[in-house]
Amino acid sequence: MNRFSSVWLIILLLLAGCQFGSDAGPSWFKGNLHTHTLWSDGDDFPEQVAAWYVDNGYSFLAISDHNTIAESERWLTIPEDHPRFRVFERYLATSPEEWVEWEQGVDTIRVRLKTWEEYSEVFQDPDSFLMMRAEEVTDQFEGKPIHVNATNIVEYIEPKGGGSVVEVMQNNVDAILSQGERLQRRVMLHINHPNFIWSIRADELAQLDGERFFEVFNGHPAVFNYGDSLRQGTEKMWDVVNTIRLRDGRPLMFGIGTDDAHHYQEIAPSRANVGRGWVMVRAGALTSDAVLAAMDDGQFYASSGVTLQDVSFDGRRYHVSVEPKEGISYTIEFFGTNSDHDPAPVAIKDPDSGELISYRYSEDVGRLLQQTSGAEASFEVTVEHLFVRARVTSDQVMEFPVSELELQRAWTQPVQPGQAW
Ligand SMILES: [Zn+2]
Ligand SMILES: [Zn+2]
């Protein structure tokens, strides 16, 4: 064998190696799709926020500030006696020399926020970290906040408004989708924190077209993930939404977990901290196309602490296994609605004003179908079921909980009988 052929042999072996590499199958990627920085009401610089996610084992991040995609020239003025001055000092001290653009004034400093192009480039790494450009399209109807996250967009989306809660949501959903269509680009949208100021009811969420995702878990302390005595928590809401949607011929809605972090200076139950909620996506590659396509197919789960080893559905058998941790026990529950169920709701009205507060749905919507103690469980999904989903609860409290009672969980996506992954 001459020198050239041995070089080719090495090249062929390398190519074969790559081939084997791609046959290894999809991997799990951890990501957060909803977080804030000083570009809106977050309390740290975008580079500091992104660095936290890189340092804490995440593979992707969408910084979603309110009504901005961080594209203009923006200067902050910070008085030297303001608590934010220490945030600036830390930013300056931990950034490479010459990176921070700032000016000294009289008892104040001015600092320029890095744009998305500038800060994302520092962290993008095709092998290990993906940043997707995002915006929390922040709208309202009669004082009710209506926030829709747009991920992997390239142009700013102005809130569209509308004549009802549903119309405001739908108008913003349509604006996000139309940007994706116009630019021939895969974008993702999700409805944020429906129980924030009790702004969005399940029956309203169920009416949306083109919307596939909502936050079943949001880490902000003001979003009422668990509902109250009159209103459903987000899990029950999720089951109501899917019961109505499948009856109306719409596709299943999937549940995601996010931080919605705003506060990076103090870790406390009352603050919106990092590390509370995320998604684990099973994708073939760490690209926006691959990650978002996998999410569209339901190949992900939401988590507030539990890591799964595997989730599979062959059209009949729904199987979930946990990556167990020493000394920790798990409960695996399957929830679903029967296919012949009529979700007929009962209106709950304010006794004084007669105003509609919410609807109460029967216990048969999202009924507990099976409960197993242990790190592994399966459930047989049959034509009797409209849909089935699973939830895993650990006996450990979350790492940064809003309440001391908040246990670590994972929520897998709903499935329909016969529709294998
Ligand atoms: Zn929001
Ligand atoms: Zn937010």
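Residues numbered from 1 in each chain as written. Chains lettered and ligands numbered in written order. Predicted model: local features only at pLDDT ≥ 70, side-chain atom pairs only at ≥ 80, totals over all residues. Heavy atoms only, no water.

**A few points about the environment of glutamate 204**
Under the convention used in this document: Here a strand is any run of E in DSSP of at least two residues, a helix any run of H or I of at least four, and the numbering for each starts at the N terminus. Contacts are assigned to residue pairs that have any heavy atoms within 4.5 Å of one another. Between N or O atoms, a polar contact is any pair within 3.5 Å; within protein, one atom must be a potential hydrogen donor and the other a potential acceptor, and residues adjacent in sequence are included only when both atoms are from side chains.
Tracing the backbone shows glutamate 204 in helix α6 (residues 202-205). C-alpha of glutamate 204 to C-alpha of serine 164: the two residues are 40 residues apart in sequence and 9.7 Å apart in space. For glutamate 204, the contacting residues outside a window of four places in its chain are Val165, Val166, Met169 and Ser199. Within polar-contact distance, the side chain of glutamate 204 engages the backbone nitrogen of arginine 201 at 2.8 Å.

**Things to note about the domain arrangement of the chain**
How we decide: An automatic or database domain assignment supplies the residue ranges for each domain. A 1.4 Å probe defines the accessible area here, and the buried area is the portion of it lost by two parts on being joined, summed over both. By salt bridge we mean one thing: a side-chain nitrogen of Lys or Arg within 4 Å of a carboxyl oxygen of Asp or Glu.
Segmentation of the chain into domains returns domain 1 (32-72 + 115-412) and domain 2 (75-114). Taken together, the contact between domain 1 and domain 2 spans 15 residues of the former and 12 residues of the latter. A combined buried area of about 1,200 Å² lies between domain 1 and domain 2, and 61% of that area is made up of carbon and sulfur atoms. Between the two partners, domain 1 and domain 2, sit one salt bridge. Listing elements by their share of the side of domain 1 that touches domain 2, those giving two or more residues are α2 (46-55) and α4 (116-123).

**With respect to a negative patch on the surface**
Defined as follows: Patches draw on residues past 30% relative accessible area with no salt bridge. Two like charges within 9 Å are joined, as are two nonpolar side chains (Val, Leu, Ile, Met, Phe, Trp, Tyr) within 5 Å. Under the convention used here, a 1.4 Å probe and the Shrake-Rupley method define accessible areas, while residue burial counts only the protein chains that appear. Here Asp and Glu are counted as negative and Lys and Arg as positive; His is not counted, and neither are the chain ends. Charge positions are represented by NZ for Lys, CZ for Arg, CG for Asp and CD for Glu. Relative accessibility thresholds used throughout: buried, under 20% of the residue-type maximum; exposed, over 50%; partly exposed, between the two (1.4 Å probe, protein chains only).
A cluster of like negative charges, contributed by Glu80, Asp81, Glu89 and Asp107, occupies part of the molecular surface. By secondary structure assignment, the location of glutamate 80 is in the loop between β3 (74-79) and α3 (84-94). Classification of glutamate 80 as partly exposed rests on a relative accessible area of 33%.

**Observations concerning the coordination of the zinc ion (ligand 2)**
Each donor-metal-donor angle would ideally measure 109.5 degrees in four-coordinate tetrahedral geometry, or 90 or 180 degrees in six-coordinate octahedral geometry. Definition in use: For Na, K and Ca the donor cutoff is 3.2 Å, while for all other metals N, O and S atoms must lie within 2.8 Å; water is not among the atoms, so some sites may look incomplete. A site with four donors is called tetrahedral when every donor-metal-donor angle falls between 85 and 135 degrees; four donors are called square planar, and six octahedral, when opposite donors sit more than 155 degrees apart and all other angles fall between 65 and 115; any other arrangement is irregular.
All of the protein donors around the zinc ion (ligand 2) are His34 (NE2), His36 (NE2), Glu136 (OE) and Asp260 (OD); their distances to the metal are 2.0 to 2.2 Å. Here the zinc ion (ligand 2) is ringed by four donor atoms whose angles at the metal span 82 to 168°, and the overall shape comes out irregular. A separation of 3.4 Å is found between the zinc ion (ligand 2) and the zinc ion (ligand 1), which share glutamate 136 as a coordinating residue. Accessibility expressed as a relative area gives 0% for histidine 34, which makes it buried. Exposure remark for histidine 36: the relative accessible area of 0% places this residue in the buried category.

**Observations concerning unusual backbone geometry**
Of note, asparagine 67 is a non-glycine position whose phi angle comes to about 50°, a positive value. Positive phi values are uncommon outside glycine, yet glutamine 184 reaches one of about 50°. For glutamine 184, the position within the fold is in the loop between α5 (165-182) and β8 (188-191). Overall, glutamine 184 belongs to the exposed group, its relative accessible area being 72%.

**Things to note about the sheet that holds strand β5 (residues 108-113)**
Inclusion rule: At least two DSSP bridges between two strands are required for those strands to pair. Axis geometry follows a simple rule: fit a line to the C-alpha atoms, using only the stretch in contact for helices, then measure angles between N-to-C directions, giving values from 0 to 180 degrees.
The strand order β3-β5-β4 describes an open sheet built from three strands, whose pairing is antiparallel. The sheet terminates laterally at β3 and β4 (102-104), the two strands that pair on one side only. Direction aside, neighbouring strands of the sheet carry axes that sit 20° apart on average.

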